[in-house]
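# Descriptive analysis of the structure
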Amino acid sequence: QHFSTRGLDPMYQTGFSKLIFNSRNRNIRIDSLKLTPVYDRAAFSANNEYQRDRVELMVPSLEVEEMGIRDMIFRKRFQAKRLVLLSPDIRIFKDKTLPFDTSVYQPMPAQMLKELSFYLSLDTLRIDNGRLQYEELLNMMPQAGMVYFDRLNAEITGMTNDKDFRKFGGALKVSADARLMSTANVHLSSIFPLNSPKQNFVMTASSESFSASLLNPLTQPLSLISASGGDVEQMQMMVN
């Protein structure tokens, strides 16, 4: 109970209020899991030379089902049937007054899985009733632009670097539903083939109609553009 550590990244502190392990059904439950930046936004930026996401995470309950405990302890192989995040609150802030580091290659999800230093096989990652907020600060702007999604329910399958799964056409698949700014329902789905040398993927997204002024908290601080009326009938996106 009441565990916390600075972990591998000195910019963050991780902790939880309680961890329960059931050896019979190989389940783990963690209550009040937190990832907290050590510094406030100004100090976080001052301690970074280039742009870096500042992440705050609060998960009231995290559950791992049917975890391979023996493989994890003795072979450093992480396997589980399902990981469920109940009502997570994720807040991301990016200070774009700092330069972008062009020397760093940002891999796609398939490449990130392949480059892990340990074996990972997670059948399903599920998010139930989550909230995701993103803020961005630009040069010469007095405040950050903000957009958020609530009632976020998502399912991710195929999170593995298993060589056979990749070889025989396995894919990382994402399906998510949420509300944009507590108003418009949005849906996103994507497929990332794990054996693609070019890291190709397909992503589609769509939203219901909403008032154009709904996005003012994002567009006003970032572009000095705001809407006083009108509606967006629908938005659709397809990316290859």
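Here, every reference points to the structure presented above.
Please read these numbers as outputs of a predicted model, since none were measured by experiment. (Residues numbered from 1 in each chain as written. Predicted model: local features only at pLDDT ≥ 70, side-chain atom pairs only at ≥ 80, totals over all residues. Heavy atoms only, no water.)

### Here's the deal with the overall build of the protein chain
Check the secondary structure of the protein chain and you find five helices and 15 strands. Principal-axis analysis of the C-alpha atoms gives the protein chain an extent of 60 × 40 × 35 Å. Put simply, the protein chain has 240 residues, and 36% of those count as buried. Taken together, the 28 basic and 26 acidic charged side chains of the protein chain have centroids lying 8 Å from each other. (Helix = DSSP H or I, 4+ residues; strand = E, 2+ residues; numbered from the N terminus. Buried < 20%, exposed > 50% of the residue type's maximum accessible area, 1.4 Å probe, protein only. Lys, Arg positive; Asp, Glu negative; His and termini not counted. Charge placed at Lys NZ, Arg CZ, Asp CG, Glu CD.)

### Observations regarding unusual backbone geometry
Of note in the backbone geometry, N129 takes a positive phi value of approximately 55 degrees without being a glycine. Here the phi dihedral of S182 falls at roughly 60 degrees; this positive angle occurs in a residue that is not glycine. Within the fold, S182 resides in the loop between strand 10 (171-180) and strand 11 (184-193).

### A closer look at the nonpolar core
L62, V64, L83 and L180 are the most contacted members of the largest nonpolar core, which has 38 residues in total. For this core, the secondary-structure elements that each account for two or more residues are strand 4 (27-37), strand 5 (54-65), strand 6 (77-86), helix 3 (109-114), strand 8 (119-137), strand 9 (145-160), strand 10 and strand 11. Sort the elements by how many residues they give to this core and strand 9 lands first, with six residues. (Core = buried A, V, L, I, M, F, W, Y, C linked by side-chain atoms within 4.5 Å.)

### Some words on the environment of K94
In this fold, K94 is placed in strand 7 (residues 89-95). Along the chain, K94 and G130 lie 36 residues apart, while their C-alpha atoms are 20 Å from each other. In terms of polar contacts, K94 uses its side chain to reach the side chain of D53, at 3.4 Å. (Polar contact = N/O pair within 3.5 Å; in protein donor to acceptor, adjacent residues only side chain to side chain.)

### Section: the pairing of strand 10
Of all ten residues making up strand 10, seven are buried, and the element is well covered by its neighbours. Note that strand 10 and strand 11 share ten bridges and pair antiparallel. Of the residues in strand 11, the one forming a bridge with L172 is F192. Hairpin connection between strand 10 and strand 11: a loop of three residues separates the two successive antiparallel strands, and M181 in this loop has a positive phi of roughly 50 degrees. (Pairing = 2+ DSSP bridges.)

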